[in-house]
Amino acid sequence: MRITLLDELDLAHWVTVNAKREGVKDVAVDISKSREVSVSFRDGKMDELKESTRKSMTLGIYVDNKYSSHTTNDMRRDSVIEFIKKAVAMTKYLGEDKYRQLPDPKYFQDMEYQDLQIRDVSYETIQSNQRVELARTLEEGGRQRSDKVISCTGEYGDNFTESLKVTTNGFVGEKISTSFYAYCDASIKDDQGNIVEGSDNTNMRHFEDLDNSGKISHTAVDRALRKIGQKKIASGVYDMIVINRRASRILGTVLRSLSGRSLQQKNSFLIDMLDNKIASDILTIVDDPFIPRGIGSRLYDREGMAAHKRSIIENGVLKSYLIDSYYGRKLGMEPTGGGTSNLILNYGEKSLDEMVAEMKRGILVTGFLGGSSNETTGDFSYGVNGFLIEDGKAIQPINEMNISGNFKDLLNRLTEIGNDPHLISSQRFASLKFEDVQFSGL
């Protein structure tokens, strides 16, 4: 891998040498630098302008079958020497855990460099006046969308991050990334004095991919306007469509139950389900770390293990747990990486509008209002809002309804997946349709 953070690379290697002199078996050195800028306008005035730069070094200390992590912002070498000595001394107070080790080098030796396009080289050319104007335009566009708007906020922000990882088992990796976001939220008052809110946002790796057309502001206000008159409706069993940007509330909860920690602590309803059917045949979830400009794209994970594209669920069958090296040793399983990168589905052929148009009677869920889930049993209970659909049309905005059940059952009620992946997230889920879901209301 070509390294551009040469000063930090020299420092990281110097740290590993000095940590070894203090008696550690292994050490992982992570050095990161970042700059974040954000500007927000609210109700016609600049509300906030923030800029922060951070630089830090984190050491993962492995000594006498004991492990601890330590972070400092002071990278002067005299200070770092004392920092290492104190970190090693404190680690020795911990109890032994023989499973705490660096990953086997075989898990990163096949890593190949490729340009994931997660860094926008134009970042340095973006001027402060551009940031201010973008935030102002977002807020102004929302305020002018409707005379019912009583408050509106527009926000723009960007981030530049460099990180370097060096470990004593031979791993060296570097990541340089940028991200840009735009956001708008609006509050409106209806004729009865009720206040409802709507929002929209986007998040991209490259500045040129941000939508500056005003669509974000308009969408935020339109979403609020559509909520006017929302109310509870009668309890019952309805078909349900969950829009793409909210589908992570369903699938994200399921994925958390696949972690090595959940399995080892017997806190997952998916224990011993590998290669078993857990969902509808149409559900396939793939973790793809190599999508150009993807929010979750990466060459290696937080432990330094090479990233690989892999199926997590394939045609409803569980194909992979999310196991890091630590829980892999404890469980006697091959590590697969403790987390995910970009998640994609086997998308369908219909848009959200087409899915709604074909719905005879059901509920379109556009938001979740709290609730809880039990990863051990798979039980869940969520508050939702959205729209009652009849004969393909939204006839009533709804609010404070509740869905409850068990994920084992819900995943098998999935009947359709839209063609609308949520591209501004690492979880590129699409709209999901489920049949016969129990809703509680009046």
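That block above? That's the structure.
Counting from 1, residues in each chain are numbered in the order their sequence is written. Local features in this predicted model are restricted to residues whose pLDDT is 70 or higher, and side-chain atom pairs enter the listing and the counts only when it is 80 or higher, whereas totals over whole chains, interfaces and linings include all residues. As a convention, hydrogens and water are excluded, and side-chain values are obtained from all of the structure's heavy atoms.

A.B. asks: Would you explain the nonpolar core in this entry?
C.D. replies: Looking at soluble globular proteins, one finds that nonpolar side chains tend to be buried together. Within the largest apolar cluster, 48 residues are counted, with the highest numbers of intra-cluster contacts made by Leu283 and Phe439. Residue contacts for Leu283: discarding those within four places in its chain leaves Leu251, Ile313, Glu314, Asn315, Gly316, Leu345, Leu411, Leu414 and Ile417. Joining through side-chain atoms within 4.5 Å is the link that ties buried Ala, Val, Leu, Ile, Met, Phe, Trp, Tyr and Cys residues into a set, and such a set is a nonpolar core. Only protein chains enter the accessibility calculation, which uses a 1.4 Å probe; a residue is then buried when its area is under 20% of its type maximum, exposed when over 50%, and partly exposed in between. Contacts were defined at the residue level, with two residues in contact if any of their heavy atoms lie within 4.5 Å.

A.B. asks: Sorry, what's going on with the sheet that holds strand β2 (residues 45-63) here?
C.D. replies: Sheet strands pair by backbone hydrogen bonding; their relative direction is either parallel or antiparallel. At least two bridges found by DSSP between two strands are what make those strands a pair. Numbering of helices and strands runs from the N terminus, with a helix taken as a DSSP run of H or I at least four residues long and a strand as a DSSP run of E at least two residues long. With antiparallel pairing, six strands are arranged side by side in an open sheet as β3-β2-β1-β4-β5-β6. The strands lining the two open edges of the sheet, one partner per strand, are β3 (66-72) and β6 (195-204). Each strand axis lies, on average, 20° off the axis of its neighbour in the sheet, ignoring direction. The pairing of β2 with β3 spans seven bridges and is classified as antiparallel. Paired with Val63 across the bridge in β3 is Lys66. On the sheet, helix α3 (residues 128-143) packs against β1 (26-42), β2, β4 (149-167) and β5 (172-189) and is oriented at approximately 145° with respect to β4. Its contacts with the sheet put helix α4 (residues 215-226) on β4, β5 and β6, and the angle it makes with β6 is roughly 150°. Here an angle of 0 to 180 degrees is reported between the N-to-C directions of two axes, which are lines fitted to C-alpha atoms, with helices fitted over the stretch in contact.

A.B. asks: What is the right way to look at the layout of surface pockets in this model?
C.D. replies: If you roll a probe as big as a water molecule over the atoms, it shows you where there is empty space left. Here the largest pocket is characterised by a volume of approximately 1200 Å³. Asp200, Thr219, Arg223, Ile243 and Arg245 are, among the 44 residues lining the largest pocket, the residues nearest its centre. The set of elements that each furnish at least two residues to the lining of the largest pocket consists of β6, α4, α8 (352-357), β12 (361-373), β13 (379-390) and β14 (393-406). With seven residues, α4 is the largest single contributor of residues to the lining of the largest pocket. Looking at side-chain class alone, the lining of the largest pocket contains 17 nonpolar, 15 polar and twelve charged residues. In this analysis a 1.4 Å probe is tested at points of a 1 Å grid over the protein atoms alone, and where it fits but cannot get out there is a cavity; an open set with protein on both sides within 12 Å along at least five of seven lines is a pocket; lining residues have an atom within 4 Å of a point. Grid points are joined across faces, edges and corners, and a volume is the space filled by probe spheres set on the points. In the scheme used here, Gly and all other residues not listed as nonpolar or charged are polar, with Ala, Val, Leu, Ile, Met, Phe, Trp, Tyr, Cys and Pro taken as nonpolar and Asp, Glu, Lys and Arg as charged.

A.B. asks: Which parts of the structure should I look at to understand α3?
C.D. replies: Along its 16 residues, α3 runs 23 Å from first to last C-alpha, staying within 8% of the 22 Å computed at 1.5 Å per residue. Of the positions making up α3, those classed as buried are Arg131, Leu134, Ala135, Leu138, Glu139, Gly141 and Gly142. The buried residues of α3 occupy an angular sector of 165° when the element is viewed end-on, so they sit on one face. Where the residues of α3 are buried, they touch β1, β4, β5 and α4. Between the first and last residue of a helix there are one fewer steps than residues, each counted as 1.5 Å, and that sum is the expected span. What the arc covers is the set of directions going from the helix axis to the C-beta atoms.

A.B. asks: Honestly, the pairing of strand β9 (residues 310-314) in this entry has me stumped. Any pointers?
C.D. replies: Two faces belong to every sheet, and in a regular strand the side chains alternate between them. Note: strand β8 (residues 285-287) against β9, three bridges, orientation antiparallel. The residue of β9 that forms the bridge with Ile285 is Ile313. Bridge count between β9 and strand β10 (residues 317-318): two bridges; the pairing is antiparallel. Residue pairing in the sheet places Ile313 in a bridge with Leu318 of β10. Linking β9 to β10, which pair antiparallel, is a turn of two residues; within it Asn315 sits at a positive phi near 50°.

A.B. asks: What should I look at first to understand the pattern of salt bridges in this one?
C.D. replies: Charged atoms that come close allow side chains of opposite charge to pair. Salt bridge criterion: a side-chain nitrogen from Lys or Arg within 4 Å of a carboxyl oxygen from Asp or Glu. Per the counting criterion, the structure on display carries 28 salt bridges. With a shortest N-O distance of 3.1 Å, Asp200 and Arg223 are connected by a salt bridge. On the criterion of sequence distance, the pair formed by Asp200 in strand β6 and Arg223 in helix α4 is long-range, its members being 23 residues apart. Residue Asp200 shares its accessibility class with Arg223, and that shared class is buried. Ionic pairing is found between Arg293 and Asp209, a salt bridge with its closest N-O pair at 2.9 Å. Taken as a pair, Arg293 in the loop between β8 and β9 and Asp209 in the loop between β6 and α4 lie far apart in primary sequence, 84 residues in all. For Arg293, a relative accessible area of 27% puts it in the partly exposed group. Overall, the relative accessible area of 31% leaves Asp209 in the partly exposed class. Beyond isolated ion pairs, a larger network of salt bridges with shared partners links Glu8, Lys33, Lys55 and Glu162.

A.B. asks: Quick question: what am I supposed to make of the packing of α3 against α4 here?
C.D. replies: Working note: a packed helix pair is described by the angle between its axes plus the distance between those axes. At a minimum axis distance of 8 Å, the contact between α3 and α4 shows a crossing angle of 40°. When the axes of α3 and α4 are compared, the pair comes out oblique. Considering the relative orientation of α3 and α4, their crossing is right-handed. In this structure, α3 contributes Thr137, Leu138, Gly141 and Gly142 to the contact, and α4 contributes Ile216, Ser217, His218 and Val221. Here the residues of the contact of α3 with α4 are counted per class, giving three nonpolar, five polar and no charged. Working definition: roughly parallel below 35 degrees, roughly antiparallel above 145 degrees, roughly perpendicular at 65 to 115 degrees, and oblique for all remaining angles. The crossing is said to be left-handed when, going from far helix to near helix, the turn is anticlockwise and less than a right angle, and right-handed when the turn is clockwise.

A.B. asks: In this structure, what is going on with the packing of aromatic side chains? I would like to understand it.
C.D. replies: Aromatic pairs are defined between Phe, Tyr and Trp rings, using the six-membered ring for Trp, whenever the two ring centres lie within 6.5 Å; interplanar angles under 30 degrees are classed as stacked, those over 60 as edge-to-face, and all others as tilted. For the structure shown, the criterion picks out 13 aromatic pairs. Three or more aromatic residues joined by ring pairs make a cluster, and in this case those are Tyr123, Tyr156, Phe160, Phe180 and Phe207. Only when the NZ of Lys or the CZ of Arg is both within 6 Å of the ring centre and within 35 degrees of the ring normal is a charge said to sit over the ring. Its guanidinium or amino end placed over the ring of Trp14, Arg77 lies 4.9 Å from that ring's centre, counting from NZ or CZ. When the ring centre of Tyr326 is taken as origin, the NZ or CZ atom of Arg100, which lies over that ring, is 3.7 Å away.

A.B. asks: What's the story with the sheet that holds β10 in this structure? I'm lost.
C.D. replies: Spatially, β10-β9-β8-β11-β16 is the arrangement adopted by the five strands of the open sheet, whose pairing is mixed. The two strands at the open ends of the sheet, each matched to only one other strand, are β10 and β16 (427-428). Across two bridges, the pairing between strand β11 (residues 343-345) and β16 is parallel. Looking across to β16, one finds that Leu343 is bridged to Gln427.

A.B. asks: Which parts of the structure should I look at to understand the environment of Thr72?
C.D. replies: As for its position among the elements, Thr72 is in strand β3. For Thr72, a relative accessible area of 13% corresponds to the buried category. Between the alpha carbons of Thr72 and Ile285 there is a distance of 38 Å; along the sequence they are 213 residues apart. Setting aside residues up to four positions removed in sequence, Thr72 forms contacts with Lys55, Ser56, Met57 and Phe83. Pairs of N or O atoms are called polar contacts if they sit within 3.5 Å, as long as, within protein, a hydrogen donor faces a hydrogen acceptor (for residues adjacent in sequence, only side-chain-to-side-chain pairs). One polar contact links the side chain of Thr72 to the main-chain amide nitrogen of Asp74, over a distance of 3.1 Å.

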